[in-house]
Amino acid sequence: MDGNGRWAQARGRDRSYGHKAGAEVVRPVVTECSNLGLEALTLYAFSTENWTRSNEEVSTLMDLYVMYLESERQLFFDNNVRFNQIGRRDGLPPEVLDALDRMKEDTAKHDGLTMTLALNYGSRAEITDAVRAIARKTAEGALAPGQIDEQTIASHLYTAGLPDPDLLIRTAGEMRLSNYLLWQLSYAEFYVTDVCWPEFTVEELHKALSAFKGRTRRFGGVV
Ligand code: IPE
Ligand code: MG
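All figures in this text were calculated on a predicted structure; none of them were measured in a lab.

Asks: Can you help me understand the sheet that holds strand E3 (residues 114-121) in this one?
Replies: Adjacent strands of a sheet form backbone hydrogen bonds with each other and so pair up, either parallel or antiparallel. Overall, parallel pairing links the three strands, which are arranged E1-E3-E2 in an open sheet. One side of each edge strand has no neighbouring strand; the edge strands of this open sheet are strand E1 (40-47) and strand E2 (82-86). Going across the sheet, the axis of each strand differs from the next one's by a mean of 20°, ignoring polarity. Relative to E3, E2 runs parallel, the two being bridged by five bridges. Residue Arg-82 lies in a different strand from E3, and its bridge partner there is Thr-114.

Asks: Teacher, can you tell me more about the site of ligand 1 here?
Replies: Close to ligand 1 lie 13 residues; Met-1, Asp-2, Arg-6, Arg-15 and Arg-53 are nearest. Asn-4 has a polar backbone atom sitting 3.2 Å from an oxygen atom of ligand 1. Within the complex, the protein chains bury 87% of what would otherwise be the 380 Å² of accessible surface of ligand 1. When contributions to the shell around ligand 1 are tallied by element, the ones reaching two or more residues are helix H1 (4-9), helix H2 (15-35) and helix H3 (55-71). The biggest single contributor to the shell around ligand 1 is H1, with three residues.

Asks: Quick question: what am I supposed to make of H2 here?
Replies: The α-helix winds at 3.6 residues per turn, so residues separated by three or four positions along the chain end up facing the same way. In this model H2 runs 31 Å from its N-terminal to its C-terminal C-alpha over 21 residues, within 8% of the 30 Å that 1.5 Å per residue would give. Just beyond H2, the residue with positive phi is Gly-37, at close to 80°.

Asks: Honestly, the pairing of E1 in this entry has me stumped. Any pointers?
Replies: One face of the sheet, then the other: side chains in a regular strand alternate in exactly this way. Taken across its eight residues, E1 has six buried, putting it largely inside the fold. Of the pairings in the sheet, the one linking E1 to E3 comprises seven bridges and is parallel in character. In the sheet register, Ser-47 faces E3, and the bridge partner there is Tyr-121.

Asks: In this structure, what is going on with the nonpolar core? I would like to understand it.
Replies: When a protein is soluble and globular, its nonpolar side chains tend to lie buried together. With 34 residues, the main nonpolar core has Val-30, Leu-41, Phe-83, Met-115 and Leu-119 as its most contacted residues. When contributions to this core are tallied by element, the ones reaching two or more residues are H2, E1, H3, helix H4 (73-78), helix H5 (94-106), E3 and helix H8 (202-213). Here this core takes six residues from H3, the largest share from any one element. Beyond its immediate chain neighbours, meaning those up to four positions away, Leu-41 contacts Val-29, Val-30, Cys-33, Leu-113, Thr-114, Met-115 and Thr-116. Residues Ala-118, Tyr-180, Leu-185 and Ala-188 belong to the second largest nonpolar core, which totals nine residues.

Asks: Would you take a moment to explain the environment of Leu-209 for this structure?
Replies: Position of Leu-209 among the secondary structure elements: in helix H8. Measuring from C-alpha to C-alpha, the distance between Leu-209 and Ala-142 comes to 43 Å, with 67 residues separating the pair along the chain.

Reading guide: rules and limits
Residues numbered from 1 in each chain as written. Chains lettered and ligands numbered in written order. Predicted model: local features only at pLDDT ≥ 70, side-chain atom pairs only at ≥ 80, totals over all residues. Heavy atoms only, no water. Pairing = 2+ DSSP bridges. Helix = DSSP H or I, 4+ residues; strand = E, 2+ residues; numbered from the N terminus. Axes fitted to C-alpha atoms, helices over the stretch in contact; angles between N-to-C directions. Near = heavy atom within 4 Å. Polar contact = N/O pair within 3.5 Å; in protein donor to acceptor, adjacent residues only side chain to side chain. Areas by Shrake-Rupley, 256 points an atom, 1.4 Å probe, with all protein chains shown as cover. Expected span 1.5 Å × (residues − 1). Buried < 20%, exposed > 50% of the residue type's maximum accessible area, 1.4 Å probe, protein only. Core = buried A, V, L, I, M, F, W, Y, C linked by side-chain atoms within 4.5 Å. Contact = heavy atoms within 4.5 Å.

Printed below as a string of structure tokens:
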């Protein structure tokens, strides 16, 4: 969900105005993904690198996550959306952790769209955590090194149980991964739009989906 800051600055407003506008866009997107019967939607909200931003911006964002999880409760219930979070818990303020845990618990039985918020997420941190957990098991003798396969690694990532993404949508025109789902995106189709996140609409979502439908996916094979 990139481009909040640029969108606001282009309008002579501060970055937090962009973040607030960006949060408003989540509702129609989640609703449409749910209506379309999609299995999973993962939104990159805050990276492990975003802590380098000013204290003011970081605290605006943290407040926004808490407010969002409160104000959008009905959305998750009306649409049978199961809420999930990926990322490190360490470093997140207790009120954010409480809001995340509560939403996760309260929607655990929903079996529609799984909406995952990547918050304090970094793919390298995730892989590091997975390697540590696997190494612990091998050191304890619970797992032989030769038994480690791709499934072992996938099941130790924060995304265990989620399908690999089919489509990555990146807003605000940036052509990079920014430490996002490095393992999981191996065969995802990329769609980059110059539209900044606060002006992303259901129509833009459909543009991305029709581009995706036009792709030939070979997964390394031959069609
Ligand atoms: C995305 O918008 C929101 C977060 C990363 C929290 P940015 O804040 O990165 O906006 P730009 O890239 O500065 O325009
Ligand atoms: Mg950015």
